[in-house]
Amino acid sequence: MQVNIEESWQKVLQPEFEKDYFKNLVEFVKEEYTNYTCYPKGKNIFSAFDYCPFNDVKVVIIGQDPYHGVGQANGLCFSVYEGVAHPPSLINIFKEIEEDLKIPYPKSGDLSRWAKQGVLLLNATLTVRQAQAGSHQNKGWEQFTDAVIEIISNQKENVVFLLWGGYAKKKGAKIDKNKHHILSSGHPSPLSANRGYWFGNKHFSKTNDFLKSKNLTEIKW
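Residues numbered from 1 in each chain as written. Predicted model: local features only at pLDDT ≥ 70, side-chain atom pairs only at ≥ 80, totals over all residues. Heavy atoms only, no water.

Caption draft 1: Just the packing of helix H4 (residues 88-101) against helix H9 (residues 203-213), in detail. Interaxial distance between H4 and H9 falls to 8 Å at its minimum, and their mutual angle equals 60 degrees. Overall, the two elements H4 and H9 adopt an arrangement that is oblique. Together, Ile93, Glu96, Ile97, Asp100 and Leu101 of H4 and His203, Phe204 and Ser205 of H9 make up the contact between the two elements. (Axes fitted to C-alpha atoms, helices over the stretch in contact; angles between N-to-C directions. Helix = DSSP H or I, 4+ residues; strand = E, 2+ residues; numbered from the N terminus. Parallel < 35°, antiparallel > 145°, perpendicular 65-115°, else oblique. Contact = heavy atoms within 4.5 Å.)

Encoded structure:
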């Protein structure tokens, strides 16, 4: 099955695209997009992969669902389009970066600038129905993104995985800890962050310290 995705990912994920569950998932997604307003736009469903080719992956951030509000989701976890108000989790991510790296809070919430540097911004579920959080869960996306994580773990080394919150930590169970660097903390959502599980994790400087130690280019957060 041919999927409209960046070439290097097409190669490593082709066996997944041939599986029955994925074909069923494609049918489900087509039907949803035909009958309802869904996010992100169809052409952006695989944006995380399109911006960050397989060979370039240095960091993986795992989110849960795309944003389900009008004009927010752009196919990259935690990211919004240029000019869109920053959602609460993204505000807390930027606040932590500001504190950790002593750099100014950014105007734009579009994280494609990270993706182009090798940060795979992967939601566990890649689509959602408008105003209905979790509406496309348990339809096959999770199996697909588990496979993505496993392929990265098996075929690459020295990747930094940022696991924020219980859901991402569970999702990271398949990562080979001997080959990769895992940083875990609470989720940046206000619920978790305000209870002290997010701020001060210094994941952004720690990521760059690790990349530097492996002679890899640091991320300009």
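Caption draft 2: Structural context of the nonpolar core. Judged by nonpolar contacts, the single largest core of 64 residues is most densely connected at Trp9, Phe49, Ile61, Trp114, Leu120 and Phe144. The leading source of residues in this core is helix H6 (residues 141-155), at 6 residues. The contact partners of Phe49, leaving out residues within four places of it in the chain, are Ile5, Glu6, Trp9, Leu13, Leu120, Leu122, Leu126, Phe144 and Val148. (Core = buried A, V, L, I, M, F, W, Y, C linked by side-chain atoms within 4.5 Å. Buried < 20%, exposed > 50% of the residue type's maximum accessible area, 1.4 Å probe, protein only.)

Caption draft 3: Looking closely at the pairing of strand S5 (residues 160-164). Counting buried positions along S5 yields 5 of 5 residues, so the element is predominantly enclosed. Here S5 shows no split at all, with Val160, Leu162 and Trp164 on one side and Phe161 and Leu163 on the other all buried. In this sheet, S5 lies alongside strand S2 (residues 59-63) in parallel orientation, the contact comprising 3 bridges. Of the residues in S5, the one forming a bridge with Ile61 is Leu162. Of the pairings in the sheet, the one linking S5 to strand S6 (residues 181-185) comprises 5 bridges and is parallel in character. Bridged to Leu162 within S6 is Leu183. The β-α-β motif built from S5, the intervening helix H7 (residues 165-171) and the parallel element S6 has right-handed crossover chirality. (Pairing = 2+ DSSP bridges. Right-handed = clockwise from strand over helix to strand, strands pointing away.)

Caption draft 4: Region of interest: helix H2 (residues 20-35). For H2, built from 16 residues, the straight-helix expectation of 22 Å at 1.5 Å per residue is met to within 8% by its first-to-last C-alpha distance of 23 Å. Looking at the buried residues of H2, the elements they touch are helix H1 (7-17), strand S1 (38-39), strand S4 (128-129) and H6. (Expected span 1.5 Å × (residues − 1).)

Caption draft 5: A look at the packing of aromatic side chains. Summed over all chains, the structure comprises 19 aromatic pairs. When the ring of Phe17 is compared with that of Phe22, the centres are 4.9 Å apart and the planes differ by 50 degrees; the resulting orientation is tilted. For the pair Phe17 and Phe22, one class covers both residues: buried. Between Phe46 and Phe144 the ring centres are 6.2 Å apart and the planes differ by 80 degrees, which places this aromatic pair in the edge-to-face class. (Phe/Tyr/Trp six-rings, centres within 6.5 Å; stacked < 30°, edge-to-face > 60°.)

Caption draft 6: Inspection of the sheet that holds S2 at higher detail. Strand order in the open sheet formed by 4 strands is S3-S2-S5-S6, with parallel pairing between adjacent strands. If you trace the sheet from one side to the other, it starts and ends with strand S3 (119-123) and S6, each paired once. Recorded for the sheet is a direction-independent mean angle of 20 degrees between the axes of neighbouring strands.

Caption draft 7: Representation of the environment of Asn74 within the structure. Tracing the backbone through its elements, the reader meets Asn74 in the loop between S2 and H4. Given the relative accessible area of 5%, Asn74 is considered buried. When sequence neighbours within four positions are dropped, the list of residues in contact with Asn74 reads Pro40, Asn44, Ser47, Ser79, Val80, Tyr81 and Asp110. Among the polar contacts made by the side chain of Asn74, one reaches the side chain of Ser79 at a distance of 2.9 Å. (Polar contact = N/O pair within 3.5 Å; in protein donor to acceptor, adjacent residues only side chain to side chain.)

Caption draft 8: Expanded view of the packing of H1 against H6. Following both chains from N to C, one finds H1 and H6 inclined at 130 degrees, their axes separated by 11 Å at the closest point. Considering the angle they form, H1 stands oblique to H6. Along this stretch, H1 crosses H6, giving a crossing that reads as right-handed. For the pair formed by H1 and H6, the contact residues are Trp9, Val12, Leu13, Glu16 and Phe17 on the first element and Phe144, Ala147, Val148, Ile151, Ile152 and Gln155 on the second. Of the residues contributing to the contact of H1 with H6, the split by class is 9 nonpolar, 1 polar and 1 charged. (Left-handed = near helix turned anticlockwise from the far one by under 90°. Nonpolar A, V, L, I, M, F, W, Y, C, P; charged D, E, K, R; others polar.)

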